[in-house]
Amino acid sequence: MPNRPLVTDYLDDRKILLGRWERRGLALLGIAILVFPFVATNNWITIANLTMVAIVGSVALMILTGFTGQISLGHAAFLAIGAYTAAVLGTQWQVPFWLILPVSGLLAAAVGLAIGPFALRLEGLYLAIVTVGLIFLVNHVLLSFPDVTGGVGGIAVPIYSWFAEENNGGLTGFTESWHIAGLEITFELKLYALFVVLSLASVFGIRNLVRSNIGRAMMAVRDHDLAAAVMGVNPARTKIIAFGLSSFFAGVAGAMFAFQQQFLTVEPPFNLLMSVQYIAMIVLGGVGTVFGAVAGPVAFVVLSPIMETVGRHLPYISELNSSQQSTLLFALLVIGFMIFEPLGLYGIWLRIKRYFMAWPFSY
């Protein structure tokens, strides 16, 4: 059955939730989010936290690559900037997490806006090759100041809920468990609640971005920048804004990753492999769609351990280590989607949705 009534007014088209089935689905999702931490083990809560970090990171890359068409392999560099900003601010100045998150995003956005003008004359694979150099540049800078970033040895990521005072830092710590009405609120549960808010805000933001003037300008530049310029869109301005917004969300995702890991090293994880993984996520979910920015990371996090389990029983592939097995099988899966279902999981969802919209008829 149809999900939404026939739109006859511009005001109806501006509504966020248009159909009753969409509202019911989001209500069920909200109930699942609230119930999950009380029935899941700490291991599954950790997996959920990593999934939400990946969702925010995918939202960032979807803005730049999915909506604006700028292929970037330097995504890991912006996550590294956000992560190390969180680590340094927490270690050196005991800044609380709620202030670290926007600062990490803004610092990453500043770097993105700085490199944006240099990428205006590059497109496609040329831009992808150039952005690879950003990863090595950021990693080199982080390793060149070991007194601040910890260098090769890494750096711890303390998390504070408020500004720490001298000899009173324990009261502001975020990692200690809380006991409320006989219920223990662990560090993982607190991170889960924080990450739920951040991931939902990111998805809500990108959905509104798609419907805005700048979002439509990004998609026009992606489809044909010359035609967009003829229609009054400024391609250079649009690309720079896309770099800035994408970098901001990536910096926030990097800070979230740092909070989850609580200890950072430069490489791994902030290398070319991380950038390729995020490209694979949005391709698997559906490039250029809000649905793909959510479904891709969820599928990636869920399928990765399954790939490792399957890889141990396959000839030739079983001779590789677990990480290589997962990477190889996931790469084959993404290639299969690109050949047989270019829209990714979003294409499968459209098939299911259209089937039930026309049910019981076959057309």
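Residues numbered from 1 in each chain as written. Predicted model: local features only at pLDDT ≥ 70, side-chain atom pairs only at ≥ 80, totals over all residues. Heavy atoms only, no water.

Enquirer: When you look at the packing of helix α5 (residues 97–115) against helix α11 (residues 235–261) in this model, what are you seeing that I'm missing?
Expert: The angle between the axes and the distance between the axes are what describe a pair of packed helices. Their axes nearest at 7 Å, the elements α5 and α11 cross at an angle of 140°. The two elements α5 and α11 meet at a crossing, and its hand is right-handed. Between α5 and α11, the residues in contact are Phe97, Ile100, Leu101, Pro102, Ser104, Gly105, Leu106, Ala108, Ala109, Gly112, Leu113 and Ile115 and Ile240, Phe243, Gly244, Ser247, Phe248, Gly251, Val252, Ala255, Met256 and Phe259, respectively. Its residues assigned to classes, the contact of α5 with α11 shows 16 nonpolar, 6 polar and no charged. (Axes fitted to C-alpha atoms, helices over the stretch in contact; angles between N-to-C directions. Helix = DSSP H or I, 4+ residues; strand = E, 2+ residues; numbered from the N terminus. Left-handed = near helix turned anticlockwise from the far one by under 90°. Contact = heavy atoms within 4.5 Å. Nonpolar A, V, L, I, M, F, W, Y, C, P; charged D, E, K, R; others polar.)

Enquirer: What's the story with the packing of helix α13 (residues 290–311) against helix α14 (residues 322–340) in this structure? I'm lost.
Expert: α14 packs onto α13 with a crossing angle of 115° between their chain directions and a minimal axis gap of 8 Å. Viewed along their axes, α13 and α14 adopt a mutual orientation that is roughly perpendicular. Read as a crossing pair, α13 and α14 show a hand that is right-handed. Counting all contacts with α13, which are made through Phe300, Leu303, Ser304, Met307, Glu308 and Gly311, the residues of α14 involved are Ser322, Gln325, Ser326, Leu329, Phe330 and Leu333. Classifying every residue of the contact of α13 with α14 by side-chain character gives 6 nonpolar, 5 polar and 1 charged. (Parallel < 35°, antiparallel > 145°, perpendicular 65-115°, else oblique.)

Enquirer: Explain the environment of Ala109 here, please?
Expert: Mapped onto the secondary structure, Ala109 falls in helix α5. Residues Ala109 and Ile81 lie 28 residues apart in sequence; the distance between their C-alpha atoms is 9.7 Å. Those residues in contact with Ala109 that sit more than four places away from it in its chain are Gly244, Ser247 and Phe248.

Enquirer: Explain the confidence of the model for the chain to me, please; I cannot follow it from the model alone.
Expert: Low pLDDT marks regions whose predicted coordinates should not be analysed in detail. Confidence in the prediction of the chain, expressed as mean pLDDT, is 86, and 91% of residues score 70 or more. Low confidence marks residues 166–171, where pLDDT is under 50. Its contacts with residues over four positions away, or in another chain, come to 3 contacts. (pLDDT = per-residue confidence, 0-100.)

Enquirer: Please explain unusual backbone geometry as it appears in this structure.
Expert: Following Glu267, the chain continues into Pro268 via a peptide bond in cis, with omega recorded as -5°. Mapped onto the fold, Pro268 is located in the loop between β4 (263–264) and α12 (272–285). In this model, Pro268 is joined to Pro269 through a cis peptide bond whose omega is 10°. Turning to its location among the elements, Pro269 is positioned in the loop between β4 and α12. Despite not being glycine, Gln94 shows a phi value in the positive range, around 50°. Its place among the elements puts Gln94 in the loop between α4 (75–93) and α5. Here Gln262, not a glycine, exhibits a phi torsion of approximately 70°, which is positive. Structurally, Gln262 is set in the loop between α11 and β4.

Enquirer: What's the story with the side chain of Lys190 in this structure? I'm lost.
Expert: Secondary-structure assignment places Lys190 in helix α8 (residues 187–211). Since its relative accessible area comes to 5%, Lys190 is described here as buried. Not counting chain neighbours up to four residues away, the residues in contact with Lys190 comprise Phe174, Thr175, Glu176, Trp178 and Ile185. (Buried < 20%, exposed > 50% of the residue type's maximum accessible area, 1.4 Å probe, protein only.)

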